[in-house]
Protein chains: 4
Amino acid sequence: MSSETKTRRRRKAERPAEILDAAFEEFVQHGYSATRLEDVAARAGVTKGTVYFYFDAKERVFEEMVRHKSQTFLPDLAMQAEKAEGSYTERLQALVAYTYAHIAENRDSREVLRFLISEGGRFPELVDRHYDEFVMPMIDQFKQLIDAGVAAGEFRDAPASEFVEIIMSPGLLVCLWSLVFGTRKHFDLDAFTRASTDLILRGLAK
Amino acid sequence: MSSETKTRRRRKAERPAEILDAAFEEFVQHGYSATRLEDVAARAGVTKGTVYFYFDAKERVFEEMVRHKSQTFLPDLAMQAEKAEGSYTERLQALVAYTYAHIAENRDSREVLRFLISEGGRFPELVDRHYDEFVMPMIDQFKQLIDAGVAAGEFRDAPASEFVEIIMSPGLLVCLWSLVFGTRKHFDLDAFTRASTDLILRGLAK
Amino acid sequence: MSSETKTRRRRKAERPAEILDAAFEEFVQHGYSATRLEDVAARAGVTKGTVYFYFDAKERVFEEMVRHKSQTFLPDLAMQAEKAEGSYTERLQALVAYTYAHIAENRDSREVLRFLISEGGRFPELVDRHYDEFVMPMIDQFKQLIDAGVAAGEFRDAPASEFVEIIMSPGLLVCLWSLVFGTRKHFDLDAFTRASTDLILRGLAK
Amino acid sequence: MSSETKTRRRRKAERPAEILDAAFEEFVQHGYSATRLEDVAARAGVTKGTVYFYFDAKERVFEEMVRHKSQTFLPDLAMQAEKAEGSYTERLQALVAYTYAHIAENRDSREVLRFLISEGGRFPELVDRHYDEFVMPMIDQFKQLIDAGVAAGEFRDAPASEFVEIIMSPGLLVCLWSLVFGTRKHFDLDAFTRASTDLILRGLAK
DNA sequence: GATGAATGAGGCTTCATTCAT
DNA sequence: AATGAATGAAGCCTCATTCAT
């Protein structure tokens with residue numbers, strides 16, 4: 001069935017997501033203030049008016065777009081954590097690799113981070129929401145694993161146990177690198193991940 | 001020459017910097033697109049026309065402002081590295097502490113990073129310049145120290161030696177934390193620095 | 001025929017009037033240009049499309065609404081004039097009181113006057129129609145009574161006989177007062193009517 | 001000196017009034033909502049931006065325009081009242097004639113009344129201001145004269161003494177007539193004034 | 001008959017930029 | 001050097017109107 005023959009009702013169900021996807025691209029390219037809603041509309045294959053039929057204002061489009069693109073990878077992370085096997089070292093290694101790959105390679109979450117950095121001041125609820133739904137849960141996930149490793153006597157009780165963010169920081173660096181330098185200065189993610197994991201695990205080892 | 005004339009001359013000489021300082025504050029608060037040159041002028045105590053006397057266009061004001069606020073801390077870092085004493089472990093510890101403190105607490109460089117992230121696409125030369133004048137030198141500085149430590153047999157030849165960025169990543173995390181959450185979610189920088197340094201040094205140790 | 005069908009039919013028959021009533025309220029509150037047909041529809045409990053089913057365009061809704069709300073009180077006035085008894089003075093007194101009460105207290109005709117004043121330029125036919133169907137007949141009604149009173153020797157042949165509008169002007173003033181000041185500056189209509197009638201009758205008396 | 005050679009400073013002093021005069025014409029022709037600020041600008045010989053240089057928003061233009069056009073005729077009325085001579089009857093006669101002529105023939109105040117009627121709901125301060133600065137003082141002026149006439153035994157103590165608005169109501173009727181019918185249905189103002197004055201004076205006479 | 005998704009022209013407002021003074 | 005009046009392009013948003021369902 002071609003998209004032209006879709007019923008209006010079906011299209012209505014799909015429109016908002018189409019608009020938000022288009023908005024994502026435009027906001028990524030030009031930033032919040034410099035993107036024109038008309039371009040968003042054109043990219044989504046509708047007209048200005050249609051955007052306003054679904055969203056109150058430009059701010060709302062932005063907020064919903066971030067929400068839309070924040071469909072978190074947390075459930076996946078939890079699943080990875082559960083199905084992880086072997087020593088705590090091996091489990092942590094696996095989880096770190098999984099997380100870095102996500103942070104570094106997932107364009108959506110990378111750009112969401114850019115939005116939080118550049119427009120967070122204008123959209124504080126978005127920031128708070130991100131903290132609650134993304135940052136804290138991820139930290140918790142890692143903290144659990146490390147605490148268990150410490151309890152099992154596999155990791156030493158390093159001060160880093162209280163700042164598991166440290167473990168994620170190399171991943172964030174890659175993400176930031178990508179945000180700032182794009183593809184101009186390339187990065188061997190695999191080697192970097194190996195190096196980071198090596199350093200971290202060695203740093204945690206007893 | 002009357003003192004009034006002198007004052008006027010002195011003021012004239014300071015004008016551009018005053019304007020750039022004002023621009024910094026406005027750009028920090030509203031982002032590139034959303035700041036009005038008129039507000040910049042008002043904050044600097046001049047009028048729009050004066051801004052245009054010193055700078056061609058809004059883009060130029062932004063670029064010059066970033067340049068102005070990028071007065072790098074590299075010379076300081078080099079000095080610190082030179083006057084550092086003791087084992088390589090101790091030297092690295094000192095340098096890391098110094099760097100984290102700068103990255104985390106220096107508002108100017110923090111906000112410059114925000115500008116690079118949010119407006120880098122619009123100002124690629126700025127990004128390149130930053131890479132050349134800031135990122136690479138800093139990486140080199142650390143790489144030298146670590147290579148020396150390895151050569152001296154104090155550090156193992158970890159894969160991280162090829163990615164000394166890893167060592168700076170916890171500092172960047174604090175910086176990012178501050179950019180996104182401001183002062184809302186506080187952070188014990190000292191404890192975090194100790195934990196990071198501990199992890200890193202342990203990870204590098206033979 | 002099920003009662004439901006009947007209800008539907010009945011409702012259908014009432015729809016236009018319901019829409020016009022809703023339109024009246026919205027036009028009163030916001031004026032012609034500033035009222036949105038969507039709000040009219042919502043107030044009438046239908047959707048925009050339905051409004052367009054019954055009326056060609058916004059202008060038509062307005063015109064029909066004014067017509068709908070202009071269901072004149074002239075028949076009532078004529079009846080009052082007919083059943084009036086006593087001297088011409090008493091009859092005029094009664095008719096004046098009746099007219100003032102209507103002009104001053106009937107919200108519909110008051111607001112119709114507002115529409116004529118504010119949108120008359122855009123709807124000249126409405127104005128002409130009002131003149132023919134409302135203004136002239138009312139003037140005639142009064143003129144007849146006064147002429148009869150003059151003929152009967154009860155009133156002097158004052159110049160005002162040629163301008164019976166004068167007699168209605170105090171009523172109009174109350175109406176205007178209400179249009180401009182609403183209920184904020186109150187007005188003792190009864191006392192005002194008595195005062196006006198007293199002045200007029202005395203002015204007409206021989 | 002041609003208008004082109006006027007200095008910018010001089011022009012700045014004149015611009016606001018020029019814009020407000022232009023705004024008056026446009027608002028009169030189309031009403032508040034339907035006039036485009038761009039047309040106001042064009043009529044004033046400037047561009048949209050200039051209007052916004054002098055006035056915050058369309059609402060402000062309207063308010064200031066009403067204020068500008070409300071330069072009251074009260075001082076003139078007071079002067080007329082002072083220099084009036086003869087019996088109270090003659091003085092009242094003169095004042096009424098003067099007032100009617102103003103109300104009926106002064107286009108500015110007539111249209112201001114139209115604005116109060118059509119847009120008063122949107123600009124309540126304007127209405128209140130008009131009441132304080134225009135309506136009440138005028139009423140007072142007439143009340144003083146009538147009270148004096150009553151005290152002097154020239155007028156009877158009619159109930160109308162408490163509602164001197166009655167005296168102005170014929171003038172208002174002419175004004176309204178003009179607002180609604182424009183020049184289409186003409187009106188012999190002089191004759192009407194004579195008729196009204198005759199009726200009123202006779203009504204007040206002892 | 002009725003709905004409501006979609007359109008697109010049009011108006012308000014902002015602001016980078018210019019230039020006469 | 002500095003001012004600030006003036007411009008005009010551009011963007012946000014509204015809403016009368018249409019039409020497929």
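Predicted model only: the values in this text are computed from it and were never measured.

About the criteria used
- Residues numbered from 1 in each chain as written.
- Chains lettered and ligands numbered in written order.
- Predicted model: local features only at pLDDT ≥ 70, side-chain atom pairs only at ≥ 80, totals over all residues.
- Heavy atoms only, no water.
- Near = heavy atom within 4 Å.
- Polar contact = N/O pair within 3.5 Å; in protein donor to acceptor, adjacent residues only side chain to side chain.
- Helix = DSSP H or I, 4+ residues; strand = E, 2+ residues; numbered from the N terminus.
- Nonpolar A, V, L, I, M, F, W, Y, C, P; charged D, E, K, R; others polar.
- Expected span 1.5 Å × (residues − 1).
- Bend = angle between axes of the 7 residues up to and from the residue.
- Buried < 20%, exposed > 50% of the residue type's maximum accessible area, 1.4 Å probe, protein only.
- Domains from an automatic or database assignment.
- Contact = heavy atoms within 4.5 Å.
- Buried area = accessible area lost by both parts, 1.4 Å probe.
- Salt bridge = Lys/Arg side-chain N within 4 Å of Asp/Glu carboxyl O.
- Axes fitted to C-alpha atoms, helices over the stretch in contact; angles between N-to-C directions.
- Parallel < 35°, antiparallel > 145°, perpendicular 65-115°, else oblique.
- Left-handed = near helix turned anticlockwise from the far one by under 90°.
- Least-squares fit on C-alpha atoms with pLDDT ≥ 70 in both.

## Quick word on the protein's contact with DNA strand F
Close to DNA strand F lie 34 residues; R36(A), T50(B), T50(D), F53(D) and Y54(D) are nearest. In the interface set of DNA strand F, defined as its atoms within 4 Å of the protein, sugar plus phosphate atoms amount to 72%. Y54(B) is positioned such that a nitrogen or oxygen atom in its side chain is 2.7 Å from a phosphate oxygen of DNA strand F. Between DNA strand F and the protein, one listed contact pairs a phosphate oxygen with a side-chain N or O atom of R36(C) at 2.4 Å. Counting only elements with at least two residues in the surface near DNA strand F, the list comes to α3 (48-54) of chain A, α1 (3-34) and α3 (48-54) of chain B, α3 (48-54) of chain C together with α1 (8-34) and α3 (48-54) of chain D. Looking at the surface near DNA strand F, its residues break down into twelve nonpolar, eight polar and 14 charged.

## Some remarks on helix α9 (residues 165-181) of chain B
Residues and elements named next belong to chain B. The end-to-end C-alpha separation of α9 is 23 Å, in line with the 24 Å expected for 17 residues at 1.5 Å each. Where α9 bends most, at G171, the angle is about 30 degrees. The buried fraction of α9 amounts to 16 of the 17 residues, a majority that puts the element mostly inside the structure. Remark: G182 follows α9 within two positions and exhibits a positive phi of approximately 60 degrees.

## Section: the domain arrangement of chain A
All names here are of chain A. Segmenting chain A into domains produces domain 1 (3-68) and domain 2 (71-204). In this structure, domain 1 and domain 2 have C-alpha centres spaced 31 Å apart. Contact with domain 1, which involves 13 residues of that partner, is made by twelve residues of domain 2. Buried area between domain 1 and domain 2, summed over both chains or domains, comes out near 1300 Å², and the portion from carbon and sulfur atoms is 63%. In this assembly, domain 1 and domain 2 are joined by one salt bridge.

## Concerning the interface of chain A and chain B
Interface size is commonly expressed as the accessible area that is lost once the parts come together. At the interface, 46 residues of chain A touch 46 residues of chain B. Summed over both sides, the interface between chain A and chain B buries roughly 4000 Å², with carbon and sulfur atoms accounting for 75% of that surface. Contact with chain B buries surface across chain A, with I117(A), F163(A) and L199(A) losing the most and accounting together for 16% of the total. Taken together, chain A and chain B are joined by four salt bridges. Two residues, D128(A) and R184(B), come together in a salt bridge whose shortest N-O distance is 3.0 Å.

## Section: the arrangement of the chains
A gap remains between chain B and chain C, with no contact made and the closest C-alpha atoms lying 31 Å from each other. Regarding chain A and chain D, which are not in contact, the minimum distance between any of their C-alpha atoms is 21 Å.

## Description of the packing of helix α5 (residues 74-83) of chain D against helix α6 (residues 88-105) of chain D
Residue and element names in this part refer to chain D. Where α5 contacts α6, the two axes come as close as 9 Å, and the packing angle between them is 160 degrees. Regarding the angle of α5 to α6, the classification is roughly antiparallel. Judged by the sense of rotation from one axis to the other, the crossing of α5 with α6 is right-handed. For the pair α5 and α6, contact is made by D76, L77, Q80 and A81 and by L95, Y98 and T99, respectively. Partitioned by chemical class, the residues of the contact of α5 with α6 number four nonpolar, two polar and one charged.

## Description of the protein's contact with DNA strand E
In the neighbourhood of DNA strand E, 34 residues make up the surrounding shell, with T50(A), F53(A), Y54(A), K12(C) and R36(D) lying closest. When the atoms of DNA strand E within 4 Å of the protein are sorted by group, sugar and phosphate make up 71%. In the model, a phosphate oxygen of DNA strand E is placed 3.2 Å from a nitrogen or oxygen of the T47(C) side chain. A distance of 3.0 Å separates a base oxygen of DNA strand E from a polar side-chain atom of K48(D). Those elements that provide at least two residues to the surface near DNA strand E are α1 (8-34) and α3 of chain A, α3 of chain B, α1 (3-34) and α3 of chain C together with α3 of chain D. For the surface near DNA strand E, the per-class residue count stands at twelve nonpolar, eight polar and 14 charged.

## Remarks on the pattern of salt bridges
All chains considered together, the criterion is met by 62 salt bridges over all chains. Residues K143(C) and D147(C) are paired through a salt bridge, measuring 3.4 Å at the closest nitrogen-oxygen approach. With K143(C) and D147(C) both in helix α8 (residues 124-151) and four residues apart, this pair spans about one turn of that helix. Take K143(C): its relative accessible area is 23%, and that puts it in the partly exposed class. Across the pair E133(D) and R129(D) runs a salt bridge, and its minimum N-O distance is 3.3 Å. Residue E133(D) and its partner R129(D) are both found in helix α8 (residues 124-151); the two are separated by four residues, about one turn of the helix. Residue R129(D) is classed as partly exposed on the basis of its relative accessible area of 21%. What you see here is one network of salt bridges that share partners, running through D21(A), K69(A) and D108(A).

## Some details on the relation of the copies chain D and chain C
Once chain D has been moved 0.0 Å along the axis and rotated by 180 degrees, it coincides with chain C to within an RMSD of 0.1 Å. What the superposition gives is, in effect, a two-fold axis relating one chain to the other. In terms of C-alpha distance to the rotation axis, chain D has G203(D) as its closest residue, with the C-alpha 2.0 Å off the axis. Of the interface residues in chain D, 100% have counterparts in chain C that sit at the interface too, so the contact is made through matching surfaces.

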